[in-house]
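Examination of the molecular architecture
Listed below are the residues making up each chain.
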Amino acid sequence: GQQLNQSPQSMFIQEGEDVSMNCTSSSIFNTWLWYKQDPGEGPVLLIALYKAGELTSNGRLTAQFGITRKDSFLNISASIPSDVGIYFCAGSPEPGDGGSQGNLIFGKGTKLSVKP
Amino acid sequence: DTGVSQNPRHKITKRGQNVTFRCDPISEHNRLYWYRQTLGQGPEFLTYFQNEAQLEKSRLLSDRFSAERPKGSFSTLEIQRTEQGDSAMYLCASSPQGLAGGPNEQFFGPGTRLTVL
C-alpha cells in the first residue's frame, strides 16, 4: 500500500536553532498536512497544503507542497522547548492511487527533542 | 471546549471482552474518521462517515470491528472479542466537507488508549 517516507526519524537540537524535516511519497498526493503530537494526546494540525508549490507559514512554522506533488517539507525557525514532540506528515493520494475523500496516509513521524 | 472529544480516554480489558468507544466531533463537521495508532507509528485509517453514511472501510477493519454514526453526530467504535493485538490508541477526527467534495483538514480528538490483557 501507499507509504510516506518521513525523515529524519529523530533529532536533537539546541534551543534557537532552525529545524527542517521532510516527507516523500512514491506517487502523487493532492493534499499535504503537518501535525504535531504530544505524548498521550491526539495529533494537532499545524499546516495544510493543497496546491503544488504552495508555501504556507504559521508563526515560526513554514511548510511547502513540492512541485512534483510527491514531497513536502516543514521548517521550524528559532526552536523553543515547547517544540518538543513528534511531527507527522500526512497526505491524501490521488484517487486510483489509494486515495479517497477520507483516507489520510501518515508518515512514521519525526521526534524532536530540544536541549534547553 | 468545541474540539473533538473521545470517551473513555483509557480502557483496560481482558482478552475476549467487547469494548465500545465514543467520539463527539466538532458540531458543524459532517465528516468523521476513525484511526488506529500503535507505538512508534503514525495513525492508520480505519473508516470514515459522511453524516450517517459509512463511506469507506480499511482492510484493517476486521469483522470484529464495527462503527456507527446513527444520527450523523457522535460515533461509536465497537471491538468484539478483543485480542492483545488490538492494543493501540484509537483516534477520532472530524472535518467539514471540502468545497469540491474532496479531503479537508482533519481535526483529531485526544484518543482512547486501549490495553488488552
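Quick note: structure is the one above.
Bear in mind that the values here come from a model prediction, so they are computed numbers and not experimental data.

**Considering the overall build of chain B**
Within chain B, the secondary structure is distributed over zero helices and 11 strands. Its C-alpha atoms give chain B a radius of gyration of 14 Å, within 12% of the compact-globule value 13 Å for 117 residues. In terms of its C-alpha atoms, chain B occupies a principal-axis envelope of roughly 45 × 30 × 30 Å. Looking at the 117 residues of chain B, the share that counts as buried comes to 49%. Taken as a whole, chain B presents about 5,900 Å² of accessible surface, with 46% of it coming from carbon and sulfur. Across chain B, the centroid of the 14 positively charged side chains sits 7 Å from that of the 12 negatively charged ones.

**Side note on the overall build of chain A**
Within chain A, the secondary structure is distributed over zero helices and 11 strands. Of the regular secondary structure in chain A, the N- to C-terminal order runs β-β-β-β-β-β-β-β-β-β-β. Against the compact-globule benchmark of 13 Å for 116 residues, chain A has a radius of gyration of 14 Å, which places it among compact chains. If one aligns the C-alpha atoms of chain A with their principal axes, the spans along those axes are about 45 × 30 × 20 Å. When burial is assessed residue by residue, chain A has 47% of its 116 residues classed as buried.

**Concerning the packing of aromatic side chains**
Residue and element names in this part refer to chain B. Here the structure, examined in full by the defined rule, presents 11 aromatic pairs over all chains. Ring geometry for Tyr35 and Phe108: centres 5.3 Å apart, planes at 50°, overall tilted. Pair noted here: Tyr35 is in strand β4 (residues 31-37) and Phe108 is in strand β10 (residues 107-108), with a separation of 73 residues, a long-range link. This pair shows no difference in class: Tyr35 is buried, exactly as Phe108 is.

**Some words on the sheet that holds strand β3 (residues 19-24) of chain B**
Residues and elements named next belong to chain B. Strand order across the open sheet formed by four strands is β1-β3-β8-β7, with antiparallel pairing between neighbours. Strand pairing shows two members of the sheet lacking a second neighbour, β1 (5-7) and β7 (65-68), which therefore form its edges. Neighbouring strand axes in the sheet, compared pairwise and without regard to direction, differ in orientation by 15° on average. Examined bridge by bridge, β1 and β3 share three bridges and lie antiparallel to one another. Considered in β3, the bridge of Ser5 is made with Asp24.

Definitions and limits used
- Residues numbered from 1 in each chain as written.
- Chains lettered and ligands numbered in written order.
- Predicted model: local features only at pLDDT ≥ 70, side-chain atom pairs only at ≥ 80, totals over all residues.
- Heavy atoms only, no water.
- Helix = DSSP H or I, 4+ residues; strand = E, 2+ residues; numbered from the N terminus.
- Rg over C-alpha atoms; globule rule 2.2 N^0.38 Å.
- Buried < 20%, exposed > 50% of the residue type's maximum accessible area, 1.4 Å probe, protein only.
- Areas by Shrake-Rupley, 256 points an atom, 1.4 Å probe, with all protein chains shown as cover.
- Lys, Arg positive; Asp, Glu negative; His and termini not counted.
- Charge placed at Lys NZ, Arg CZ, Asp CG, Glu CD.
- Phe/Tyr/Trp six-rings, centres within 6.5 Å; stacked < 30°, edge-to-face > 60°.
- Pairing = 2+ DSSP bridges.
- Axes fitted to C-alpha atoms, helices over the stretch in contact; angles between N-to-C directions.

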